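Okay, here's what each chain looks like letter by letter:
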Amino acid sequence: MTIPPAPVAPSAVQPVYAGRPGVLLVMVLRGLALMTLTLGLHRFWMQARVRRFYWSSVRLQGEPFEFTGTGFEMLMGFLVAVVLLASYLAAVNLALVFAGFAVLDSPLAANLPLLALLPLSIIASYRGRRYLLARTRWRGIRFGMEPGAVTYMRLTLGYLVVAVLTLGVLVPLLDFRRRQFVMDRTRFGTLAFRQEGSWSGLLAPWLWVIGAATALAAGAYLAEASGLSGAWVIAAVAGVPILGFLYQRYAVLSFRYLTAHTVLGEGVRFGSAMRTGRILGIVLPGFALVVALMLLVVFGLVTLGVAVAATLGADLAFLGLVLAGEPMGGRLPTDLDVAIAVAISALSYLAAFLVGTAVTEVVVTQRVLRHQVETLSVLSIAGLDAARQRPEDRAREAAGLADALDVGAGL
């Protein structure tokens with residue numbers, strides 16, 4: 001009797017991240033400086049350069065990804081989006097007036113225009129992602145995403161209502177349906193992605209979040225009912241870190257589950273070994289370093305300012321303006337005191353912003369992306385050879401609406 005051969009497991013290929021932190025740091029610092037000098041106008045060109053850096057740093061089988069978007073098209077998309085956004089808000093306020101709401105007199109009505117931005121922000125996130133995919137290539141073959149922003153908005157709002165009515169228990173259902181809608185419309189050339197699996201695969205880690213939030217709220221309520229003053233502060237100090245850890249754990253485990261159930265074409269599958277501990281090990285020390293560097297920059301500039309002020313004849317009145325906003329030393333501040341205080345405060349804020357933003361990009365954002373990339377695996381990668389070029393999606397609006405509403409579209 002002939003024994004049939006054992007099935008051969010599909011080969012797995014892992015992408016590589018080749019970005020150099022020093023190059024990114026110089027790029028971001030230079031871009032932020034130019035953005036400051038151009039009153040924010042250079043932001044779009046900096047954003048395009050940073051994306052090209054990230055895309056080209058991710059390599060699969062030695063082939064880097066490409067980002068082909070430009071700063072000019074993003075600027076044009078942003079300007080169009082600002083006009084549309086202003087028109088939309090004007091129409092909403094006009095509708096409130098006709099509906100009988102006094103926008104300036106009613107706190108509820110004053111918040112309605114902000115609430116009306118929710119559907120628009122959901123549409124913006126979809127269109128922003130579609131733009132990024134339309135400007136992404138690998139081996140010269142374009143990615144893309146089919147239209148469907150309005151349907152995506154309706155689906156998201158519908159499942160959001162369900163999540164709210166169930167007191168957050170069905171948030172995994174919301175997350176899964178949104179991801180499924182997006183992935184089922186994502187393409188690599190002529191190959192289509194599809195999201196398999198079930199929302200129940202996300203439920204177990206989410207119930208830990210719900211349980212911790214319920215325990216935190218119940219503990220604070222019972223302590224307050226027992227007459228223990230400040231009990232909610234104690235509960236927050238003890239419970240919020242645990243809640244944050246469990247939420248991050250849910251984010252990682254749901255990403256791993258959804259990735260493992262994503263299929264491209266006729267059998268290309270994916271896997272992820274991303275770890276919660278590693279993500280927290282990057283984010284927490286990273287932000288601590290950023291805060292320390294920002295404080296060091298501010299302290300250094302203020303110290304330098306005090307020394308300069310002393311040589312120019314300023315005294316404690318100047319120092320009080322910088323530190324507390326009120327003069328010190330028993331006299332009113334002179335024009336010189338005010339000028340020096342304003343200059344040092346502005347320079348301290350600007351320098352801290354530049355350093356904080358650049359270092360966050362390098363020690364947090366880049367390292368998290370590296371971990372995500374290096375723990376990803378592609379199974380049966382030979383199936384990618386079947387991909388053929390897809391028609392160009394011009395996406396003339398770029399990610400303008402997403403930039404205007406600052407909702408992002410991910411990497």
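Cut-offs used in this document
- Residues numbered from 1 in each chain as written.
- Predicted model: local features only at pLDDT ≥ 70, side-chain atom pairs only at ≥ 80, totals over all residues.
- Heavy atoms only, no water.
- Axes fitted to C-alpha atoms, helices over the stretch in contact; angles between N-to-C directions.
- Helix = DSSP H or I, 4+ residues; strand = E, 2+ residues; numbered from the N terminus.
- Parallel < 35°, antiparallel > 145°, perpendicular 65-115°, else oblique.
- Contact = heavy atoms within 4.5 Å.
- Nonpolar A, V, L, I, M, F, W, Y, C, P; charged D, E, K, R; others polar.
- Salt bridge = Lys/Arg side-chain N within 4 Å of Asp/Glu carboxyl O.
- Expected span 1.5 Å × (residues − 1).
- Buried < 20%, exposed > 50% of the residue type's maximum accessible area, 1.4 Å probe, protein only.
- Arc of directions from axis to C-beta.
- Patch = residues over 30% accessible without salt bridge, like charges linked within 9 Å, V, L, I, M, F, W, Y side chains within 5 Å.
- Areas by Shrake-Rupley, 256 points an atom, 1.4 Å probe, with all protein chains shown as cover.
- Pairing = 2+ DSSP bridges.
- Phe/Tyr/Trp six-rings, centres within 6.5 Å; stacked < 30°, edge-to-face > 60°.
- Core = buried A, V, L, I, M, F, W, Y, C linked by side-chain atoms within 4.5 Å.
- pLDDT = per-residue confidence, 0-100.

1. Observations concerning the packing of helix H1 (residues 21–37) against helix H2 (residues 43–57)
At step 1: Where H1 contacts H2, the axes come no closer than 9 Å and their chain directions differ by 170 degrees. Regarding the angle of H1 to H2, the classification is roughly antiparallel. Contact residues: H1 offers Val23, Leu24, Met27, Val28, Arg30, Gly31, Leu32 and Met35, while H2 offers Arg43, Met46, Arg49, Val50, Phe53 and Tyr54.
At step 2: Residues that form the contact of H1 with H2 fall into these classes: 10 nonpolar, 1 polar and 3 charged.

2. Describing the pattern of salt bridges
At step 1: Following the criterion strictly, the structure yields 9 salt bridges and no others.
At step 2: A salt bridge links Asp385 to Arg139; its shortest N-O distance comes to 3.2 Å. Taken together, the positions of Asp385 in the loop between strand S11 (376–379) and helix H12 (400–405) and Arg139 in the loop between strand S5 (136–138) and strand S6 (141–145) put the pair 246 residues apart, joining distant regions of the chain.
At step 3: Among the charged side chains, a salt-bridge network with shared partners connects Glu146, Arg187 and Arg390.

3. Some words on H1
At step 1: When the terminal C-alpha atoms of H1 are compared, their 24 Å separation across 17 residues agrees well with the 24 Å that a helix rising 1.5 Å per residue should span.
At step 2: Of the positions making up H1, those classed as buried are Leu24, Val28, Gly31, Leu32 and Met35. Down the axis of H1, the buried set is contained in an arc of 100 degrees. They therefore lie on one face. Exposed residues on H1 whose side chains face more than 90 degrees from its buried face are Val26 and Leu37.
At step 3: Leu39 occupies a position one or two residues after H1 and carries a positive phi of about 55 degrees.

4. Considering a nonpolar patch on the surface
At step 1: There is a patch of nonpolar side chains on the surface, built from Phe72, Met76 and Leu79 and spanning about 280 Å² of accessible area.
At step 2: Within the fold, Leu79 resides in helix H3 (residues 71–98).

5. Re the environment of Gly168
At step 1: Along the chain, Gly168 falls in the loop between helix H5 (149–165) and helix H6 (171–183).
At step 2: The spatial distance from the C-alpha of Gly168 to the C-alpha of Leu207 is 9.6 Å, given a sequence separation of 39 residues.
At step 3: Those residues within four positions of Gly168 in sequence are excluded, and the remaining contacts are Ala163, Trp206 and Ile210.

6. Description of the pairing of S6
At step 1: Within S6, 4 of the 5 residues are buried, leaving the element largely enclosed by the surrounding structure.
At step 2: Counting the residues that bridge the hairpin from S5 to S6 gives 2 residues, and of these Arg139 lies at a positive phi of roughly 55 degrees.

7. Here we look at the packing of aromatic side chains
At step 1: With the rule as written, the count across this model stands at 15 aromatic pairs.
At step 2: Through a chain of ring-to-ring contacts, three or more aromatic side chains come together here, namely Phe65, Trp138, Phe143 and Phe188.

8. Details of the environment of Leu350
At step 1: Counting through the fold element by element, Leu350 comes out in helix H11 (residues 335–374).
At step 2: Along the sequence, Leu350 and Ala33 sit 317 residues apart, while their C-alpha atoms lie 9.6 Å from each other.

9. Overview of the nonpolar core
At step 1: Formed by 57 residues in total, the largest nonpolar core has its most connected members in Tyr54, Leu60, Phe188, Leu264 and Leu384.
At step 2: When residues in this core are grouped by element, the largest group, 8 residues, is from H11.
At step 3: In this structure, Phe176, Trp206, Ile210 and Leu258 belong to the second largest nonpolar core, which totals 12 residues.

10. Considering the sheet that holds strand S8 (residues 191–195)
At step 1: Taken in spatial order, the 11 strands of this open sheet run S1-S11-S10-S9-S8-S7-S6-S5-S4-S3-S2, and their pairing is antiparallel. On the outer flanks of this sheet lie strand S1 (12–13) and strand S2 (16–17), each paired with one strand and no other.
At step 2: Bridge count for strand S3 (residues 58–60) against strand S4 (residues 63–67) is 2 bridges, and the pairing is antiparallel. If you follow Arg59 over to S4, its bridge partner there is Pro64.
At step 3: Of the strands in this sheet, S2, S3, S4 and S5 touch H2, which is tilted by about 160 degrees from S4.
At step 4: Its contacts with the sheet place H6 against S6, strand S7 (186–188), S8 and strand S9 (262–264), and it is angled at close to 170 degrees to S8.

11. Observations regarding unusual backbone geometry
At step 1: Phi at Leu39 takes a positive value of approximately 55 degrees, unusual for a residue other than glycine.
At step 2: Along the chain, the position of Leu39 falls in the loop between H1 and H2.
At step 3: Located in the positive-phi region is Arg139, a residue other than glycine, with phi close to 55 degrees.

12. Description of H2
At step 1: Over its 15 residues, H2 runs 21 Å from end to end, which matches the ideal 21 Å to within 8%, given 1.5 Å per residue.
At step 2: Within H2, burial applies to Phe44, Met46, Gln47, Ala48, Val50, Arg51, Phe53, Tyr54, Trp55 and Ser57.

13. Here we look at the confidence of the model for the protein
At step 1: Overall, the predicted model of the protein reaches an average pLDDT of 84, with 79% of residues at or above 70.
At step 2: pLDDT under 50 marks residues 1–9. Its contacts with residues more than four places away, or in other chains, come to 0 contacts.

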